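Here are the chains, one letter per residue:
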Amino acid sequence: MGLVTMSGKRYLPSDRPVTWVALAGFMGTGKSRIGWELSRRLSLNFVDTDRVIERISCMRISDIFELYGEEVFRDFETEVVRRCLKLDEVVVSTGGGTVMREENRNLLRGRGPVVVLFANPKTIYHRTRRHKRPLLEVGDPEVRIQQLLQARQAAYDAVATLRVSTDHRDSSAVVEEIIMKLRTWKVQQP
Ligand code: S3P
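On a predicted model such as this, the values are computed, not experimentally measured, just so you know. Per-chain numbering applies: the sequence of each chain, read as written, is numbered from 1 onward. The predicted origin of the model limits local features to residues at a pLDDT of at least 70 and limits the giving and counting of side-chain atom pairs to 80 or more, whereas totals for whole chains, interfaces and linings rest on all residues. Note that the side-chain values use all heavy atoms of the structure and ignore hydrogens as well as water.

Enquirer: Give a description of helix H3 (residues 61-68) that names residues and reports values.
Expert: Considered for burial, the residues of H3 that qualify are Ile 61, Ser 62, Ile 64 and Phe 65. Buried residues of H3, viewed axially, fall in a sector of 165°; they line one side. Along H3, exposed side chains directed more than 90 degrees from the buried face belong to Glu 66 and Leu 67. Contacts between residues were defined by any pair of non-hydrogen atoms, one from each residue, lying within 4.5 Å. The way it works is that DSSP assigns letters per residue, a run of H or I at least four long becomes a helix, a run of E at least two long becomes a strand, and they are numbered from the N terminus. Looking at the buried positions of H3, the neighbouring elements they touch are helix H2 (49-57) and helix H4 (70-85). Looking at the residues trailing H3, positive phi occurs at Gly 69, about 95°. When a residue's accessible area, from a 1.4 Å probe over protein chains only, is under 20% of the maximum for its type it is buried; when over 50% it is exposed; and in between it is partly exposed. Taken from the helix axis, the directions to the C-beta atoms give the arc we talk about.

Enquirer: Break down the site of the ligand for me, with residues and values.
Expert: It suffices for a single heavy atom of a residue to lie within 4 Å of a molecule or strand for the residue to be listed as near it. Of all residues adjacent to the ligand, which total 13 residues, the nearest are Lys 31, Asp 50, Arg 74, Arg 133 and Arg 152. Take Arg 152: an N or O atom from its side chain is 2.7 Å from an oxygen atom of the ligand. In isolation the ligand exposes 380 Å². Once the protein is present, 94% of that is buried. When residues are grouped by polarity, Ala, Val, Leu, Ile, Met, Phe, Trp, Tyr, Cys and Pro land in nonpolar, Asp, Glu, Lys and Arg in charged, and all others, Gly among them, in polar. Its residues placed into classes, the shell around the ligand shows 5 nonpolar, 3 polar and 5 charged. Nitrogen and oxygen atoms within 3.5 Å of one another constitute a polar contact, given that in protein one can donate a hydrogen and the other can accept it, and given that sequence-neighbouring residues count only through two side-chain atoms. To measure how exposed things are, a 1.4 Å probe is used in the Shrake-Rupley method; for residues, cover is taken only from the protein chains shown.

Enquirer: Can you lay out the nonpolar core for me, pointing to particular residues and giving the numbers?
Expert: Nonpolar cores were defined as sets of buried Ala, Val, Leu, Ile, Met, Phe, Trp, Tyr and Cys residues, with membership established by side-chain atoms within 4.5 Å. In this structure, Trp 20, Phe 26, Val 99, Leu 108, Val 114, Val 116 and Ile 145 are the most contacted members of the largest nonpolar core, which totals 35 residues. Of the residues forming this core, the biggest block, 6 residues, is contributed by helix H7 (residues 141-159). Counting residues in each nonpolar core, the second largest holds 19 residues, with Val 18, Val 21, Leu 44 and Val 174 among its members.

Enquirer: A description of the pattern of salt bridges should follow, citing residues and the corresponding values.
Expert: Counted as salt bridges are all cases of a side-chain nitrogen of Lys or Arg within 4 Å of a carboxyl oxygen of Asp or Glu. Enumeration over the complete set of coordinates arrives at 17 salt bridges. For Arg 74, the salt bridge goes to Glu 70, with nearest N and O atoms at 2.9 Å. With a gap of 4 residues between them, Arg 74 and Glu 70 both fall in helix H4, about one helical turn apart. Taking the relative accessible area as the measure of exposure, Glu 70 reaches 33% and is therefore partly exposed. The shortest N-O distance in the salt bridge between Glu 103 and Arg 82 comes to 2.8 Å. With a gap of 21 residues between them, Glu 103 in helix H5 (residues 102-111) and Arg 82 in helix H4 connect regions that are remote in the sequence.

The values are spatial; any link to function lies outside them.
This is the structure:
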């Protein structure tokens with residue numbers, strides 16, 4: 001059931017598996033793109049925490065890192081996560097490092113399902129090299145990606161309600177898989 005749109009069927013409010021969902025995962029796994037498309041398909045709003053941080057600080061993320069350091073950025077992140085918990089009818093796309101704080105993982109998991117997107121390091125490297133990411137501004141970003149992925153894997157696993165690969169796939173196929181898995185998750189809830 002639903003309205004037909006260019007990107008496929010758009011669910012009616014009564015037919016949506018969830019009205020709040022967060023996306024997490026490493027840089028370059030497609031959280032913003034997939035999150036936006038998912039929000040269109042589910043007729044939900046879309047919030048990207050990085051963009052909110054830029055708006056409330058009136059600064060670019062790279063400038064926050066450069067001028068104030070990572071911890072200040074992480075504090076902004078936690079504040080924005082808290083604000084997102086109060087929203088409804090929304091898909092929330094988080095930054096790649098958001099779930100490294102246990103507090104953030106608990107906040108997100110306490111609010112609703114968290115979809116963790118993943119991709120292999122080569123894909124991540126190709127997707128991130130054109131856009132500025134302060135943590136990848138190093139001599140060998142591919143090695144840095146491997147190191148960070150390894151260091152973060154446990155946090156992504158801990159926060160994941162469900163996991164979906166974005167490697168070599170059309171975004172619409174990824175969105176379909178997320179919706180299907182959210183439906184399955186929903187019926188398993190007490
Ligand atoms: C970061 C990921 C970025 C952004 C910041 C830090 C990280 O978001 O929040 O540069 O620690 O992985 P994306 O995952 O949207 O690139």
